[in-house]
Amino acid sequence: MADQIPLHPVRSAAAAAVASRKRAAYYSAAGSGPGAERPSRFQLEDEPAHLDEVPLMMSEDGGENDESDYHTLPRARATRRRRRGLRALPGLLCGGCAALCSSCSDWLVSVCRRKRELKARTVWLGHPEKCEEKHPRNAIKNQKYSVFTFLPGVLYEQFKFFLNLYFLVVSCSQFVPALKIGYLYTYWAPLGFVLAVTIMREAIDELRRFRRDKEVNSQLYSRLTARGKVQVKSSDIQVGDLIIVEKNQRIPSDMVFLRTSEKAGSCFIRTDQLDGETDWKLRVAVSCTQRLPALGDLFSIRAHVHAQKPQLDIHSFEGTFTREDSDPPVHESLSIENTLWASTVVASGTVIGVVIYTGKETRSVMNTSNPKNKVGLLDIELNRLTKALFLALVALSVVMVTLQGFAGPWYRNFFRFLLLFSYIIPISLRVNLDMGKAAYGWMMMRDENIPGTVVRTSTIPEELGRLVYLLTDKTGTLTQNEMVFKRLHLGTVSYGTDTMDEVQSHVRNAYVQLLAQPGGNTTSSTPPRKAPSSGPRVRKSVSSRVYEAVKAIALCHNVTPVYESRASMTGETEYTEADQDFSDESRTYQASSPDEVALVQWTESVGLTLVNRDLTSIQLRTPCGQILTYRVLQTFPFTSESKRMGVIVRDESTAEITFYMKGADTVMAAVVQYNDWLEEECGNMAREGLRTLVVAKRALTEEQYQDFESRYTQARLSVHDRALKVAAAVESLEREMQLLGLTGVEDRLQADVRPTLELLRNAGIKIWMLTGDKLETATCIAKSSHLVSRAQDVHIFRPVANRGEAHLELNAFRRKHDCALVISGDSLEVCLRYYEHELAELACQCPAVVCCRCSPTQKARIVRLLQQHTHRRTCAVGDGGNDVSMIQAADCGIGIEGKEGRAASLAADFSITQFRHIGRLLVVHGRSSYKRSAALGQFVMHRGLIISTMQAVFSSVCYFASVPLYQGFLMVGYATIYTMFPVFSLVLDQDVKPDTAMLYPELYKDLTKGRSLSFKTFLVWVVISIYQGGVLMYGALVLFESEFVHVVAISFTALVLTELLMVALTVRTWHWLMVVAELLSLGCYVASLAFLNEYFDVAFITTVAFVWKVSAVTVVSCLPLYILKYLKRKLSPPSYSKLTS
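Being a predicted model, the structure only gives us computed values, none of them experimental.

**Describing the nonpolar core**
Reasoning step 1: Ranked by internal contacts, the top residues of the largest apolar core, which has 99 residues, are Ile894, Phe910, Leu921 and Leu922.
Reasoning step 2: It is helix α31 (residues 917-957) that provides the largest number of residues to this core, a total of 13 residues.
Reasoning step 3: The contact partners of Phe910, leaving out residues within four places of it in the chain, are Met444, Val454, Val455, Thr457, Ile460, Pro461, Leu464, Cys892, Gly893, Ile894, Gly895 and Leu921.
Reasoning step 4: Core analysis: the next-biggest nonpolar cluster, separate from the first, contains 45 residues, Cys556, Ala591, Val600 and Trp602 among them.

**Points about the sheet that holds strand β12 (residues 345-346)**
Sheet strands pair via backbone hydrogen bonds, and the direction of the pair is either parallel or antiparallel.
Reasoning step 1: Read from one edge of the open sheet, 3 strands run β7-β6-β12, paired in antiparallel fashion. In this open sheet, the two strands that pair with only one neighbour each are β7 (280-284) and β12.
Reasoning step 2: Pairing of strand β6 (residues 266-270) with β12 involves 2 bridges; the strand directions are antiparallel. Within β12, the residue paired with Ile269 across the bridge is Val346.

**A word on unusual backbone geometry**
Reasoning step 1: Although it is not a glycine, Ser343 sits at a positive phi angle of roughly 75°.
Reasoning step 2: With respect to the secondary-structure elements, Ser343 resides in the loop between β11 (339-340) and β12.
Reasoning step 3: Its identity as a non-glycine residue notwithstanding, Asp818 has a phi of 55°, on the positive side.
Reasoning step 4: Summarising the element assignment, Asp818 is placed in the loop between α25 (803-814) and β29 (819-824).
Reasoning step 5: A relative accessible area of 57% places Asp818 in the exposed class.

**Details of the pattern of salt bridges**
Reasoning step 1: Inspection of every chain in the model, using the stated rule, returns 32 salt bridges.
Reasoning step 2: Across the pair Asp241 and Arg223 runs a salt bridge whose closest N-O atoms are separated by 3.2 Å. Within this pair, whereas Asp241 is found in the loop between β3 (228-233) and β4 (242-245), its partner Arg223 is found in strand β2 (residues 220-225), the two being separated by 18 residues in sequence.
Reasoning step 3: Residue classification places Asp241 among the buried positions, given a relative accessible area of 4%.

**Quick look at the environment of Ile460**
Reasoning step 1: With respect to the secondary-structure elements, Ile460 resides in the loop between β14 (454-455) and β15 (467-472).
Reasoning step 2: In contact with Ile460, not counting residues within four places along its chain, are Lys374, Val375, Gly376, Asp891, Cys892, Asp909 and Phe910.

**Thoughts on the packing of helix α12 (residues 377-403) against helix α13 (residues 410-420)**
In a pair of packed helices, the angle between the axes and the distance between the axes together describe the arrangement.
Reasoning step 1: For the pair α12 and α13, the least separation of the axes is 9 Å and the interaxial angle reads 140°. If you check the angle between α12 and α13, you find them oblique. Considering only the axes of α12 and α13, their crossing is right-handed. Contacts from Leu393, Val394, Ser397, Val398, Met400 and Val401 of α12 reach α13 at Trp410, Asn413, Phe414, Phe417 and Leu418.
Reasoning step 2: Partitioned by chemical class, the residues of the contact of α12 with α13 number 9 nonpolar, 2 polar and no charged.

Conventions and cut-offs
- Starting from 1, residues in each chain are numbered consecutively following that chain's sequence as written.
- In keeping with the predicted nature of the model, local features appear solely for residues at pLDDT of at least 70, side-chain atom pairs appear and are counted solely at 80 or more, and the whole-chain, interface and lining totals rest on all residues.
- The side-chain values count all of the structure's non-hydrogen atoms but skip hydrogen atoms and water molecules.
- Only buried Ala, Val, Leu, Ile, Met, Phe, Trp, Tyr and Cys residues count toward a nonpolar core, and they belong to the same one when joined by side-chain atoms within 4.5 Å.
- Only protein chains enter the accessibility calculation, which uses a 1.4 Å probe; a residue is then buried when its area is under 20% of its type maximum, exposed when over 50%, and partly exposed in between.
- In this description a helix means any DSSP run of H or I spanning at least four residues, a strand means any run of E spanning at least two, and both kinds are numbered starting from the N terminus.
- Between two residues, a contact is recorded if the distance between any of their heavy atoms is within 4.5 Å.
- In this description, strands pair whenever DSSP reports at least two bridges between them.
- In the sections that follow, a salt bridge refers to a side-chain nitrogen of Lys or Arg positioned within 4 Å of a carboxyl oxygen of Asp or Glu.
- Working convention: axes come from line fits to C-alpha atoms, limited for helices to the stretch in contact. Angles between N-to-C directions cover 0 to 180 degrees.
- Working definition: roughly parallel below 35 degrees, roughly antiparallel above 145 degrees, roughly perpendicular at 65 to 115 degrees, and oblique for all remaining angles.
- Put simply, a crossing is left-handed when the front helix is turned counterclockwise from the back one by less than a right angle, and right-handed when it is turned clockwise.
- Under the grouping applied here, Gly and all other residues not named as nonpolar or charged are polar, the nonpolar ones being Ala, Val, Leu, Ile, Met, Phe, Trp, Tyr, Cys and Pro and the charged ones Asp, Glu, Lys and Arg.

Here you go:
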């Protein structure tokens, strides 16, 4: 039925084929899985479902939308915009050669892509020279530029902005004698200063990146050769090399795991810098090479590995190991558990692997996007305003030339007018803004309330004040990733943290009674129940149930105890293992999930200790010191689909076979015997923010197990539908299981996560959580952290495998209102393939979104999706190497220095030490940075507009002559020592105190609308500038008596005083440095009057007439504005003034 629905958008078969081929490389992991072949679950729905099967449309035009409206996706549009931008550059530089250059560049790109086509490969052990193709160097490179591209690249990044390009053209025009207006230094000094600062900053950043790369690429590793071990640099490792990696050493490239010093043939690796999970992962060596007697035998065999082509997916691998010199040849299937990915760290033993992928083809590099040069929204808005000012400049120049009657060489006069009025776009705007940004960064790093904050990108502090979407990692960012056992519920009795001593007592009594039985524990693993009275019978019954639950928790897991060796010599280590020195001090637990470790640590605290674990056996130590050995017959690992794990063990002392299983309540409720408490208690624990697991068991006879084993083995060897047959075999055991108990584990949140998220929500910021963790875990943390409020509905997006399923699930989600969305990475991939626009629009309406099982690339893609569909500013927060792509893709990246290393904090724009610091960083520093820069930018423009207005009035009076009003040092002084310090002191202005901003985060909402800097506010400043410029110039012309030099003296002095008074008018909270700047500037001007004989009549400026004329002009220009400001604050006060009054 799903296939017959009129889906929108509808593609032709040819278009779909082309699109699928284009996306083949990206969506390699999302191929036709098992779900594509089995009948769709949606086919089971009844007939009324047709009412809901309407086309998934978001527009008002109904179902008649043109196909192109849907398939011209924002990503495609953005790509075309980038291509247009790149093709416009040759046109700007070379005019008519643009078409030729673009076609050549397209050809070069296609050639490069053909060379970099990824293919499957056959790798011979220890023989790199046998590789059929040339593979990339194993060198890490995070630098943006090379030695040759540094200067052109930095200059391009600067001059691609209209503001800087305009300054460059104006400065270059002064080399033409006919266009020269003033001194060269008045134009080149500010521009040179900006470029010098930018080049120095980029050079320092590039040098730091170069040093970090060199340090990583120079790390030494042992390469195994036929002549023994050879030291080799990480960057010199090749495909086919046999590399030895010691404990706690970084794995330099993607390898297949061949041998280990661990006797079990397995090792643990830390993958926190790859997938963000701090849990150790178990990896298993290839059995054929692990069984070889000596290390050197790797060169005596003829073997090779066939590996799939390099993929993005870090959770899967397909390959085969073949040994050709044995009879018959040995073939072993390779999976993800036989791999060692680059950027992970060996946590136990010494490993030997064969390199299969290097450099750009490794999983970690393929999942890391190239860093982009981030540009703040404020800079983009100012760039637009400067373009508007440039149009005004051109229009004014045309008017002047027209009023001249195009007399003489009018085109030369036109260019001279352009240069005369060039102060409309002040050359000091870039200098002031860059210095302001540096000041904001300094204030952030000096804030005692957020210690350890580092500003790594000083060009975008205002972005922190414009954020609408905050995308955060979970593990290590919102949570500490430290699990604590909180609750054990047995149906009739519940044990919490304050009653664990009772559990310990029950476990001890149970094992004491077992030992006291005649012949030990010969008949049953449960304590005897022969007490005569009802009181002891109840007590023994509870004791028995506690004992059974604790034993099940101690056996059903994937935890391995690891012992720190006290000697480095291999012989001594082996002796220690053989002697079973289970000292509690040297033992640590490792597992694929911190939940598992927390459960095993809890069983140890109540008396039942896991002391040894390998692939075939488990050993427990009882409170009495007795060692119990269980043989592991089968293990069924946890998967996202099954949501449960199981183990079949045989007790060596009694030969009893027991099937233990634990899992999510949603699946376990169907396999345990009837009870009336499980659902209610699971709900109670979930409301407390605890992660619940249901524990159950089933006793098996020898015949039942042998029957299951034969069916299970047959299912595992089947070629077709292997996964379904294996699942069916396991499900045959999962019937009428005895419910033992319910556990509750808490994942501790970071300090003040809940109030911080509440503050951000009140500030109007929408929070999305992107995690690589399981769906249940992500949902639980979303609730416990109050990312999703308790009263809020949660829509869990069901797994979808094709367009039909995605269509129906999106329609089901569309009918929900005001509910949080939880979606997995696989379902997200399918929806983005067919319904990108619709999914984005629906998700953006949700109060919160949780994306689980996300790869690093998917996280970055979600960020770009939000940017393209909402055109709002995004911020990404993370603490691990897997968050780097997301941080670099966001408009503003924040890295947290935590347990997962410093990769995220080094790649981020801002680095903090705790998640709770984000609140102050955004609400206080982000808000004030934006408001200050907006005021500073507009005031600098006002400073240029007012003097250009005066120039226009002067030229009009002087018969439209292109003669400058102020020359030489007057113009330089006006832009620097006379007005720069008071204007720049606006970076210290604040409308509300930091504590008030934290108390009322709603003030932050106003900033997202961009009202502090808009065309409306800009036009207000333009009107003020025209009014004041006209008053100053006409006032001076009316009041002067005899000489023109008096006009210059009156108008310039009134201009300087007006600027100082306008700063005072703009300031909302006075700082002592502002007062100093005002007085210092005024003092500098008064003192310099004695040295400005060339421009002023010294005799005139010492008269009373000069003083009253300047005062009169200044008062007329400023007093009306003060009156208007007072009336506005009284009649229509801004929101912040209501809080401060």
